[in-house]
Amino acid sequence: TAAPHPPALLRELAMTASRALKVGLVSISDRASTGVYEDLGIPALRDWFALALTTPWTMETRLIPDEQAVIERTLIELVDVALCDLVLTTGGTGPAPRDVTPEATLAVLERRHAGLMELIRARCSIQAPRAYLSRGEAGTIAAPAAIVGAVLDALRPLGVTDIAMPLTPSRVWQAIRDGAGTQAG
């Protein structure tokens, strides 16, 4: 199969950076982090970035348990110490008591972008009713880094394959409109 078209948000970040785009990938799973089963989140994200980006990029990966303090420390470390431009998390956003990724994310965000996640869940629930079970959060922690939980995964049922940065409500709406157009055609 052909490589996917480079997502606009990543391409724009990489082109405007004075260094290679640095992406933090965090997989949050009690069982994977203790070796009960193999983590598939980070390898899938890594492979996707390798196909999607044509500009230089590096990654920092973390496989951690679903513990709020550990998640908070990891997000802060990836932004403040590792100097990641973008941090993506996978896992821990469901309704189970151990799923504390949203609480940890909210604890470290300086600016929450709640409307973005509400929009994504509302639009995705049309085709995927369980979208409302996701409690993902998005926002900024320190300019220019951002933490975004599963935006493209949540919008994929609507035909969205990329979103230009900076991630704004108008760009999300445009991506949804564009995605709907490709599904209809």
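The residue count restarts for each chain, going from 1 along the sequence in the order it is written. Given that the model is predicted, a residue must reach a pLDDT of at least 70 before its local features are reported, and side-chain atom pairs must reach 80 or more before they are shown or counted; all residues, however, enter totals for whole chains, interfaces and linings. Excluding hydrogens and water, the side-chain figures rest on all heavy atoms present in the structure.

Moving on, we get to the nonpolar core. Soluble globular proteins tend to bury their nonpolar side chains together. The term nonpolar core refers to a set of buried residues drawn from Ala, Val, Leu, Ile, Met, Phe, Trp, Tyr and Cys, joined through side-chain atoms within 4.5 Å. Think of it in three bands: residues with accessible area under 20% of the maximum for their type are buried, residues over 50% are exposed, and the middle band is partly exposed, with areas taken using a 1.4 Å probe on protein chains only. By size, the foremost hydrophobic cluster in this structure holds 15 residues, and its most contacted members are Ile120, Cys124, Leu155, Val160, Ile163, Val172 and Ile176. Numbered from the N terminus, helices here are DSSP runs of H or I no shorter than four residues, and strands are runs of E no shorter than two. Contributions of two or more residues to this core are made by α6 (114-124), α7 (151-155) and α8 (169-184). No other element matches α6, which puts five residues into this core. Residue contacts follow a heavy-atom distance rule, with two residues in contact if any of their heavy atoms lie within 4.5 Å. Leave out the neighbours within four places in its chain, and Leu155 touches Ile120, Cys124, Val160, Ile163, Val172 and Ile176. One finds Val26, Leu78, Val79 and Ala104 within the second-largest nonpolar core, a separate group that totals 14 residues.

Bringing the confidence of the model for the chain into the picture now. Per-residue pLDDT for the chain has a mean of 79; in total, 78% of the residues score no lower than 70. Residue-level confidence of the predictor, termed pLDDT, takes values from 0 up to 100. This stretch, residues 1-6, has a pLDDT under 50; its non-local contacts, to residues over four places away or in other chains, come to eight contacts.

Next up on the list: the packing of aromatic side chains. By convention, a stacked pair of Phe, Tyr or Trp rings (six-membered ring in the case of Trp) has centres within 6.5 Å and planes under 30 degrees apart, an edge-to-face pair has planes over 60 apart, and any other such pair is tilted. Applying the stated criterion to the full structure yields two aromatic pairs. Relative to Phe49, the ring of Trp48 lies with its centre 5.2 Å away and its plane at 85 degrees, an arrangement referred to as edge-to-face. When the centroid spacing of 5.4 Å and the interplanar angle of 35 degrees are considered together, the rings of Phe49 and Trp57 count as tilted. Trp57 sits in the partly exposed class, given a relative accessible area of 21%. Taken together, the ring pairs connect Trp48, Phe49 and Trp57 into an aromatic cluster.

Throughout this description, the term salt bridge denotes a Lys or Arg side-chain nitrogen within 4 Å of a carboxyl oxygen of Asp or Glu. According to the stated counting rule, one finds eight salt bridges in the structure shown. Among the ionic pairs, Lys22 bridges to Glu60, the shortest N-O distance being 3.8 Å. Taken together, the residues span a long stretch of sequence, with Lys22 in strand β1 (residues 21-28) and Glu60 in strand β2 (residues 57-64) at a distance of 38 residues. Judged by relative accessible area, Glu60 falls into the partly exposed class, the value being 22%. Notably, a salt bridge pairs Glu60 with Arg62, separated by 3.1 Å at the nearest N-O pair.

Structurally, Gly179 is set in helix α8. With 21 residues separating them along the chain, Gly179 and Leu158 place their C-alpha atoms 5.9 Å apart. In this structure Gly179 touches Leu158, Gly159 and Val160, once residues within four positions along its chain are discounted.

Position of Ser29 among the secondary structure elements: in the loop between β1 and α2 (30-33). Take Ser29: its relative accessible area is 12%, and that puts it in the buried class. Two N or O atoms count as a polar contact when they lie within 3.5 Å, although within protein this holds only if one can serve as hydrogen donor and the other as acceptor, and sequence-adjacent residues are included solely when both atoms are side-chain atoms. At 3.0 Å, the side chain of Ser29 and the backbone nitrogen of Ala32 are in polar contact. Ignoring anything within four residues of it in the chain, the contact list for Ser29 reads Tyr37, Ile64, Pro65 and Asp66.

Bringing unusual backbone geometry into the picture now. The backbone phi angle of Leu83 is positive, close to 60 degrees, even though this residue is not glycine. Its location among the elements puts Leu83 in the loop between α4 (68-80) and β3 (86-90). Residue Leu83 is classed as partly exposed on the basis of its relative accessible area of 49%.

What a helix should span is 1.5 Å times the count of its residues minus one. For α4, built from 13 residues, the straight-helix expectation of 18 Å at 1.5 Å per residue is met to within 8% by its first-to-last C-alpha distance of 18 Å. Among the residues of α4, Ile71, Thr74, Leu75, Leu78 and Val79 are the ones counted as buried. Taken around the axis of α4, the buried residues stretch over an arc of 120 degrees, which confines them to a single face. Here the arc refers to the directions that run from the helix axis out to each C-beta atom.

Where a strand is regular, its side chains alternate between the two sheet faces. The buried fraction of β1 is high, at eight of eight residues. Here β1 shows a buried face lined by Leu21, Val23, Leu25 and Ser27 and a second buried face lined by Lys22, Gly24, Val26 and Ile28. In short, DSSP must find at least two bridges between two strands for them to pair. Taken together, the eight bridges between β1 and β2 define a ladder with parallel strand orientation. Across the sheet, the residue bridging to Gly24 is Glu60, located in β2. Relative to β3, β1 is paired through five bridges, and the arrangement is parallel. Residue pairing for β3: Val26 is matched across the bridge by Thr89.

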